[in-house]
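# Inside the fold
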Amino acid sequence: MSYRSLAADRVYKATTDDLQPERKNSVSTVFKKAFGTLSSSPRRRLSEPLMSGVTVIGTGNINTPLRKMPTSAISEEASLLSGMRSETLEEVELTGVRPSLPAVRTFTRGNTGVEEVYVDTDNGPLCVAVQGDRSKPPILTYHDLGLNYVTSFQTFFNYCEMRTLMSNFCVYHVNAPGQEEGAAPLSDDYVFPSMDELANQLDHVLRYFGLESVVGLGVGAGGNILARFAYRQPTKVEALCLINVVPTTAGWIEYGYQKLNARYLKSKGMTQGVMDYLMWHHFGKGTEERNHDLARVYREYFEHSVHPGNLAAFIDSYVKRTDLPISRSTPTVESFPAGRRPSMTTTLQMPIINVCGALSPHQEDTVILNSRLDPTKSSWMKVSDCSMVLEEVPQKMCEALRLFLQGLGYAVRLGRPPLTVSRSAEVISKSIKQSASKDSVRSSPWPFRITENPLTA
């Protein structure tokens, strides 16, 4: 027998012997042999590579030998751990949680230093809130639709810089009939005054308080009323500050919306459609994204604090307004109204600052008003990034009003307020934006942008 046949026979016997059925625990024997082989093999140290020539991507190469902690460090740690006392944890019962929430902004009536007086007029009593010392120069204000003196002027006159300016004046806040907070419902037989009759009521207010002339500050419908009063009584109005004022009659779209709102207010109260229109009238579009908190405050006020019937009467009077009879052109003798001499011009002759918000829906109307004013005695100012100027940017309007009043000779010793860190940063950022904007006509040291009159004489 050759060597190859003998080797093959041995391999066959070894294989057949392992597969004999009578041999017990053959499977367990195989596993024992396998695990025994693995356990008997020498353990690989961590410092040894898994495969030769292959590096591990990570903090370092696995072939690098591990560093051992010094014996002194181990002994020091052991001594610190042995020296620590084991403290027992005590159970604490949580009885209550008091979250610290920011103060919610609200409109409060009856502030310190404000006195409400009811003045009798030809169309019933008129609520006038007096703020300040009556011996000082007077400023007369008039609010817009859906608001009163609290919701329209309280935030502005409580502004820190405005308080310093108002210490030199006495403010008379006039409320339209039935529009003050907590007013009683107007009787069914009460005829609400027209816009011209509302303007005539201001003459009763001036006579009641003994005022010879006033500086007027009006917003929206209130500015329209002040302009009518200044046209009829030019000697009793020293200057005017008009904000978002519409000088023309109501168009067909506005007339339809306002008449529908007045009908809903009388029959169903404050509906969602009326509220949306009031929000658009005051803030324009994008109010929720631009100033969510302020929009929420006014929505809650319109829903819970406005008397629907009284507001419907004011809206009905405003939508029936006539065109302001002012113009730059020289009229004929026959076109002069009764009581005015032909030598007098039909436009307003007192200093006027005509203000509008860049996001206000009444911006084009303020341009029309500016085209009817004397360019040598009036200024048109557009404040960027706002619609409700007194509420959204009181710091800009405060400085504009301060400079306007100082131009009239009031509060001349009152200098510009010192710049704080936040205010100086805001002024610098605004000035950078003004210099970079393409539509700015001229640079200005004021924190708001002033443009030239869009319509020249």
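Note that residues are indexed from 1 along each chain, following the sequence as it is written. Predicted model: local features are reported for residues with pLDDT of at least 70 only, side-chain atom pairs are reported and counted for 80 or more only, and whole-chain, interface and lining totals are derived from all residues. To obtain the side-chain values, all non-hydrogen atoms of the structure were included, while hydrogens and water were left out.

What follows covers the pairing of strand E2 (residues 124-131). Across the eight residues of E2, six count as buried, placing the element largely inside the fold. Think of it this way: DSSP has to see at least two bridges between two strands before they count as a pair. For the purposes of this entry, the term helix denotes a DSSP run of H or I that reaches at least four residues, the term strand denotes a run of E that reaches at least two, and both are numbered from the N terminus. Direction of pairing for strand E1 (residues 114-121) relative to E2: antiparallel, over a ladder of eight bridges. Of the residues in E2, the one forming a bridge with Thr-121 is Gly-124. Between E1 and E2, which pair antiparallel one after the other, the connecting turn spans two residues. Two strands pair when backbone bridges link them, and E2 and strand E4 (residues 170-174) are joined in this way by four bridges, in the antiparallel orientation. Residue pairing across strands places Val-128 opposite Val-174, the latter belonging to E4. Three labels apply to residues, based on accessible area from a 1.4 Å probe with only protein chains included: buried if under 20% of the type maximum, exposed if over 50%, partly exposed otherwise in between.

This brings us to the nonpolar core. By size, the foremost hydrophobic cluster in this structure holds 63 residues, and its most contacted members are Phe-209, Leu-240, Met-270, Phe-302 and Leu-348. Residue contacts are counted whenever heavy atoms from the two residues lie within 4.5 Å of one another. Contacts of Leu-348, omitting those with residues within four sequence positions, involve Ala-227, Ala-230, Tyr-231, Leu-240, Ile-326, Leu-373 and Asp-374. Residues Val-171, Val-215, Met-381 and Val-389 belong to the second largest nonpolar core, which totals 31 residues. Buried residues of nine kinds, namely Ala, Val, Leu, Ile, Met, Phe, Trp, Tyr and Cys, make up a nonpolar core once their side-chain atoms join them within 4.5 Å.

Before going further, it helps to examine the confidence of the model for the protein chain. Known as pLDDT, the predictor's per-residue confidence is scaled from 0 to 100. When pLDDT is averaged along the protein chain, the result is 77; 63% of the residues meet or exceed 70. The secondary-structure element of the protein chain with the lowest mean pLDDT is helix H16 (residues 421-436), recorded at 48, while strand E3 (residues 138-142) shows the highest, at 97. This stretch, residues 18-22, has a pLDDT under 50; its non-local contacts, to residues over four places away or in other chains, come to one contact. Segment residues 54-60 is flagged for pLDDT under 50; beyond a separation of four residues in sequence, or across chains, it makes three contacts in the model.

Spatially, eight strands are ordered E1-E2-E4-E3-E5-E6-E7-E8 in an open sheet, and the strand pairing comes out mixed. One side of each edge strand has no neighbouring strand; the edge strands of this open sheet are E1 and strand E8 (378-383). Across the sheet, the mean angle from the axis of one strand to that of its neighbour is 20°, orientation sign disregarded. Bridge count between E3 and strand E5 (residues 214-219): four bridges; the pairing is parallel. Each residue of the ladder has a partner; that of Thr-141, found in E5, is Leu-217. For helices, the fitted line uses only the C-alpha atoms of the stretch in contact; every axis is such a line through C-alpha atoms, and the angle between N-to-C directions lies from 0 to 180 degrees.

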